[in-house]
Amino acid sequence: MKIPLIKLYITEGMKRRVGEVLDSGMLTEGKVTAAFETGCRDYLGVSHCLAVTSCTAGIEAALRCLGITAGDEVIVPDYTYPATASVPMLLGATVVLVDIDPQTMLIDYDAMEAAITPRTKALVPVSLFGNPLDYDRLTAISHRYDLPVVEDAACAFGASYRGRRVGGFADISVFSLHPRKFITTGEGGLITAERKEYRDWLWSYKHFGLAATGSREAARFIMPGTNYKMSDLLAAVGLEQLAVAEELLSRRQELAARYHDLCGRIPGFELPQTTPNGVHSYQTCCVMVPERDRLLTRVRQQGIEVQIGTYCLHRQPAFQPGPRCRWADALAGSAEAGDRCLALPLFHDLTDAEQDAVVAAIGRG
Ligand SMILES: Cc1ncc(COP(=O)(O)O)c(C=O)c1O
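All of the points below concern the structure found in this document.

Thresholds, definitions, all that
- Residues numbered from 1 in each chain as written.
- Predicted model: local features only at pLDDT ≥ 70, side-chain atom pairs only at ≥ 80, totals over all residues.
- Heavy atoms only, no water.
- Buried < 20%, exposed > 50% of the residue type's maximum accessible area, 1.4 Å probe, protein only.
- Helix = DSSP H or I, 4+ residues; strand = E, 2+ residues; numbered from the N terminus.
- Contact = heavy atoms within 4.5 Å.
- Pairing = 2+ DSSP bridges.
- Near = heavy atom within 4 Å.
- Polar contact = N/O pair within 3.5 Å; in protein donor to acceptor, adjacent residues only side chain to side chain.
- 1 Å grid on protein atoms, 1.4 Å probe; cavity = no way out; pocket = protein on both sides within 12 Å on 5 of 7 lines; lining within 4 Å.
- Sits in = over half its atoms within 2 Å of the grid points.
- Disulfide = S-S within 2.5 Å.
- Points joined across faces, edges and corners; volume = space filled by probe spheres on them.
- Nonpolar A, V, L, I, M, F, W, Y, C, P; charged D, E, K, R; others polar.

### What about helix α4 (residues 83-90)?
Next, step 1: Counting buried positions along α4 yields six of eight residues, so the element is predominantly enclosed.
Next, step 2: Along α4, the residues classified as buried are Ala83, Thr84, Ala85, Val87, Pro88 and Met89.
Next, step 3: On its buried side, α4 packs onto α3 (55-65), β2 (73-77), β3 (94-98), β7 (150-152) and β15 (325-327).

If you want it as structure tokens, here you go:
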């Protein structure tokens with residue numbers, strides 16, 4: 001591809017840090033991962049942050065921490081990456097797919113509230129593409145029904161709402177560090193929480209069920225747990241990325257603003273809306289276009305890697321109605337995003353000329 005969808009940010013410093021870990025003889029989770037967790041905690045302005053092997057693993061840990069089990073209902077937006085809905089289903093719960101607002105591509109808060117039943121045990125909204133949720137509305141619903149929120153913040157590292165970073169609003173938030181996210185460790189995830197009891201439970205769960213306090217010599221396994229530790233090798237990459245996170249974030253925001261300015265002038269194109277009082281982190285920069293699939297093929301033929309936004313779950317075989325999956329409504333907003341959303345190439349060193357070429361190609365149709 002002449003212009004890829006993403007480019008990785010890899011530096012000599014990163015290679016040096018990974019080399020240092022290799023030389024240290026300590027390849028599993030150790031001091032480097034601890035430093036990465038602390039760095040992310042401070043960057044996000046949250047009380048607790050744990051590194052895990054992926055966002056998917058983190059969502060599973062978070063739902064288990066809240067006791068989600070067979071027979072419970074968990075509300076998830078229909079327009080998201082399948083992991084958001086797969087995890088509660090794998091735990092035996094029923095996932096209730098709720099529509100989105102196609103303007104923001106975030107969960108429709110009224111539809112979410114209408115889908116709550118006595119069996120609902122958790123809300124799992126998604127700050128999709130880096131657009132922060134409307135936490136005022138979300139928190140009001142969560143309090144009204146006394147339901148915990150696990151935020152799938154896979155894409156929202158760096159996004160903020162009313163001046164505070166995403167990560168501190170939900171009961172538990174989970175980020176992805178997959179290479180399509182703007183800071184990455186190759187594979188990996190982060191879980192954030194304010195409550196120490198959640199942090200301790202999650203810490204134990206990711207460390208084979210070990211008690212969160214106490215010496216290694218007198219190890220006490222207090223619950224069945226698993227291994228979701230992040231290797232120091234991966235954390236070394238993450239630490240270097242974290243050091244330039246602000247720089248990468250503002251560059252993405254600049255490029256997204258320029259895309260919006262240029263794409264907003266193309267007849268028939270519509271720009272997605274950022275949540276009021278929110279700052280978007282643009283993990284993905286999208287535009288709503290007519291005949292998206294035809295455009296996708298034509299533009300790719302020109303060497304420009306455009307992509308769909310994400311998936312309408314109700315169109316996937318795994319999420320057809322049944323004992324583990326219920327559709328709350330007609331999911332028309334999700335279908336609209338599924339048909340029209342086009343993700344544009346976005347990376348730190350995308351040039352104005354490359355951006356102009358992308359816009360010209362999509363504008364020609
Ligand atoms: C909204 C959303 N949730 C979950 C995931 C899964 O993240 P991971 O690959 O870190 O498990 C992704 C990955 O793209 C995502 O976009």
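Moving on, there is more to tell.
### Let's talk about the pairing of strand β11 (residues 189-193)
Next, step 1: Of all five residues in β11, five are buried; the element is thus mostly enclosed.
Next, step 2: Residues Gly189, Ile191 and Ala193 line one face of β11 and the alternating positions Leu190 and Thr192 line the opposite face, and both faces are buried.
Next, step 3: Across five bridges, the pairing between strand β1 (residues 48-52) and β11 is antiparallel. What sits directly across from Ala51, in β11, is Leu190.
Next, step 4: In this structure, strand β10 (residues 172-176) lies alongside β11, joined through five bridges in antiparallel fashion. Considered in β11, the bridge of Ser176 is made with Gly189.

### With respect to the site of the ligand
Next, step 1: Lining the immediate environment of the ligand, one finds 14 residues, of which Cys55, Thr56, Asp152, Ser176 and Lys181 sit closest.
Next, step 2: In the environment of the ligand, an oxygen atom lies 2.5 Å from a nitrogen or oxygen atom belonging to the side chain of Thr56.
Next, step 3: Contacts to the ligand include Lys181, whose side-chain N or O atom sits 2.8 Å from an oxygen atom.
Next, step 4: Under a 2 Å grid-point criterion requiring more than half of the atoms, the pocket assigned to the ligand is the largest pocket.

### Here's the deal with the state of the cysteines
Next, step 1: Per the counting criterion, the structure on display carries zero disulfides.
Next, step 2: Among the cysteines around Cys40, which has no disulfide bond, Cys49 carries the closest sulfur, lying 5.1 Å off.
Next, step 3: With a relative accessible area of 0%, Cys40 lands in the buried category.
Next, step 4: Looking at Cys65, it has no disulfide partner, and the nearest cysteine sulfur is the one in Cys49, 15 Å off.
Next, step 5: Relative accessible area serves as the criterion here: at 14%, Cys65 is assigned to the buried category.

### Things to note about empty space enclosed by the protein
Next, step 1: For the structure on display, the rule yields five cavities of 30 Å³ or more.
Next, step 2: In this model, the largest cavity occupies a volume close to 160 Å³.
Next, step 3: Lys7, Tyr9, Lys181, Phe182 and Arg252 are the residues nearest the centre of the largest cavity, which is lined by 15 residues in total.
Next, step 4: Residue classes in the lining of the largest cavity are distributed as eight nonpolar, three polar and four charged.
Next, step 5: Reported here for the second largest cavity is a volume of approximately 90 Å³.
Next, step 6: What lines the second largest cavity is a set of 14 residues, and nearest its centre among them are Met105, Phe129, Pro272, His280 and Tyr282.

### Section: the side chain of Thr184
Next, step 1: Take Thr184: it is sitting in the loop between β10 and β11.
Next, step 2: A polar contact is formed between the side chain of Thr184 and the backbone oxygen of His178, at a distance of 3.4 Å.
Next, step 3: Excluding its chain neighbours within four sequence positions, the residues that come into contact with Thr184 are Leu177, His178, Pro179, Val237, Gly238 and Gln241.

### Some thoughts on the sheet that holds strand β16 (residues 341-343)
Next, step 1: The strand order across the open sheet formed by three strands is β13-β16-β14, and the pairing between neighbours is antiparallel. In this open sheet, the two edge strands, each paired with only one partner strand, are β13 (286-288) and β14 (307-308).
Next, step 2: Across two bridges, β14 lies against β16 in antiparallel orientation. By the bridge assignment for β16, Gln307 is matched with Ala343.

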